[in-house]
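Results of the structural survey
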Amino acid sequence: MCSTCGCSEGAKPRVTKMAEPQPPSRSQPDSHPHQHEGHSHTGEHHHGEGHLNHTHEHPHDDSSHRTIRLEQDILAKNNRLAERNRGWLEGRNIFAVNLMSAPGAGKTMLLERTVRDLGAQTTICVIEGDQETVRDAERIRATGCRVIQINTGTGCHLDAGMVGRALRELDPPSGSLLFIENVGNLVCPALFDLGEASRAVIMSVTEGEDKPLKYPHIFRVADTLVLSKADLLPHLEFDLGRCLEYARRINPKLKVVHLSALRGIGLEPWYAWLRKRGESAPELS
Ligand code: MG
């Protein structure tokens with residue numbers, strides 16, 4: 001749990017607004033001026049700091065009791081801010097998807113492909129979450145999409161306060177599709193509601209089919225499971241049937257799609273689900 005693992009202590013989240021994207025045909029690798037430096041903010045609103053300081057002033061409290069109280073305070077505050085985000089997004093008819101996965105599962109590549117394939121029909125905006133660098137935001141910006149980067153410093157997840165600040169800076173238009181790419185981590189992002197309409201957990205087939213059993217909470221809170229890098233299946237011992245059995249043992253309602261963003265395989269069910277804003281009735285696969 002984040003308030004005890006130490007990730008929040010001293011974290012300095014930054015929100016970096018990227019320059020307006022160039023149309024994809026005109027974007028060049030070296031065409032990224034560094035305007036974003038001037039838009040950085042340090043995280044005076046970070047959820048953990050005040051509560052953590054408070055604990056040091058009461059060394060005689062029962063520590064386990066104090067820890068539980070801290071967790072409740074942090075999550076309750078997050079949930080209030082998440083509801084504010086949710087209302088704001090619903091008022092603008094924006095469909096927001098929280099993408100969660102381990103590092104390297106292919107979240108950014110799936111977004112690049114999705115923006116390139118759907119961007120002409122639908123306005124898409126992206127909030128990128130990483131501990132450091134604006135590398136992923138630059139990749140998304142190169143697709144011609146409006147994007148903002150949150151760097152969490154030592155933090156291992158996005159929270160609703162960070163996303164609220166990013167929404168104010170990003171100002172996604174009414175009716176748009178918003179992706180929130182969470183920090184790569186199968187544990188902590190599951191605990192923090194961001195105000196999204198949908199949560200998709202992305203798991204690459206190189207990770208092994210037992211991840212739903214080992215990290216059940218993130219599969220429990222997700223509504224959709226994207227199995228990525230499916231083009232590699234012939235080269236792996238990954239048992240797709242067993243993986244689905246494990247995932248549905250944790251969450252029987254999971255919608256599942258397997259695809260390869262790199263090879264362009266299996267993307268249509270994903271796009272159909274996005275076009276229907278998560279309401280598509282049939283299982284994706
Ligand atoms: Mg990424």
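Conventions used here
- Residues numbered from 1 in each chain as written.
- Predicted model: local features only at pLDDT ≥ 70, side-chain atom pairs only at ≥ 80, totals over all residues.
- Heavy atoms only, no water.
- Donors = N, O, S within 2.8 Å, 3.2 Å for Na, K, Ca; no water.
- Helix = DSSP H or I, 4+ residues; strand = E, 2+ residues; numbered from the N terminus.
- Buried < 20%, exposed > 50% of the residue type's maximum accessible area, 1.4 Å probe, protein only.
- Pairing = 2+ DSSP bridges.
- Axes fitted to C-alpha atoms, helices over the stretch in contact; angles between N-to-C directions.
- Contact = heavy atoms within 4.5 Å.
- Polar contact = N/O pair within 3.5 Å; in protein donor to acceptor, adjacent residues only side chain to side chain.
- Arc of directions from axis to C-beta.

1. Re the coordination of the magnesium ion
Within the protein, the atoms that donate to the magnesium ion are Thr 108 (OG1), Asp 136 (OD) and Glu 181 (OE), at distances of 2.0 to 2.1 Å. All donors of the magnesium ion belong to a single chain; written as a sequence motif, their spacing is T-x27-D-x44-E. Residue Asp 136 is found in helix H5 (residues 135-141), and its partner Glu 181 is found in strand S5 (residues 177-181); the two are separated by 45 residues along the sequence. For the pair formed by Asp 136 and Glu 181, the shared burial category is buried.

2. A word on the sheet that holds strand S7 (residues 224-228)
Reading across the sheet, the eight strands line up as S1-S4-S3-S5-S2-S6-S7-S8 and stay open at both edges, with mixed pairing between neighbours. What marks the edges here is a single partner per strand, and that holds for strand S1 (14-17) and strand S8 (255-258). When the angles between neighbouring strand axes are averaged without regard to direction, this sheet yields 20 degrees. The pairing of strand S2 (residues 95-101) with S5 spans five bridges and is classified as parallel. Bridge pairing in S5 places Leu 99 opposite Glu 181. Against the sheet, helix H4 (residues 107-118) contacts S2, strand S3 (124-130), S5, strand S6 (198-204) and S7, and its axis sits at roughly 170 degrees relative to S3. Lying over the sheet, helix H9 (residues 240-250) contacts S6, S7 and S8, oriented at roughly 155 degrees with respect to S7.

3. Describing helix H6 (residues 160-170)
What sets the pattern is the α-helix's 3.6 residues per turn: residues three or four places apart point alike. Of all eleven residues making up H6, eight are buried, and the element is well covered by its neighbours. Of all the positions in H6, only Ala 160, Met 162, Val 163, Gly 164, Arg 165, Ala 166, Leu 167 and Leu 170 are classed as buried. Where the residues of H6 are buried, they touch S1, helix H3 (63-91), S3, strand S4 (146-151) and S5. Measuring from the side-chain oxygen of the N-cap residue of H6 to the backbone nitrogen of Gly 161 gives 3.0 Å; that N-cap residue is Asp 159.

4. Focus: the side chain of Ser 260
Tracing the chain through its elements places Ser 260 in the loop between S8 and helix H10 (267-275). Aside from chain neighbours lying at most four places away, what touches Ser 260 is Lys 229, Ala 230, Asp 231, Ile 265 and Leu 267.

5. Quick look at H10
Among the residues of H10, Leu 267, Trp 270, Tyr 271, Trp 273 and Leu 274 are the ones counted as buried. Projected onto a plane normal to the axis of H10, the buried residues spread over an arc of 160 degrees and lie on a single side. Buried residues in H10 make contact with S2, H4, S5, S6, S7 and S8. Just past H10, the residue Arg 277 takes up positive phi, approximately 55 degrees.

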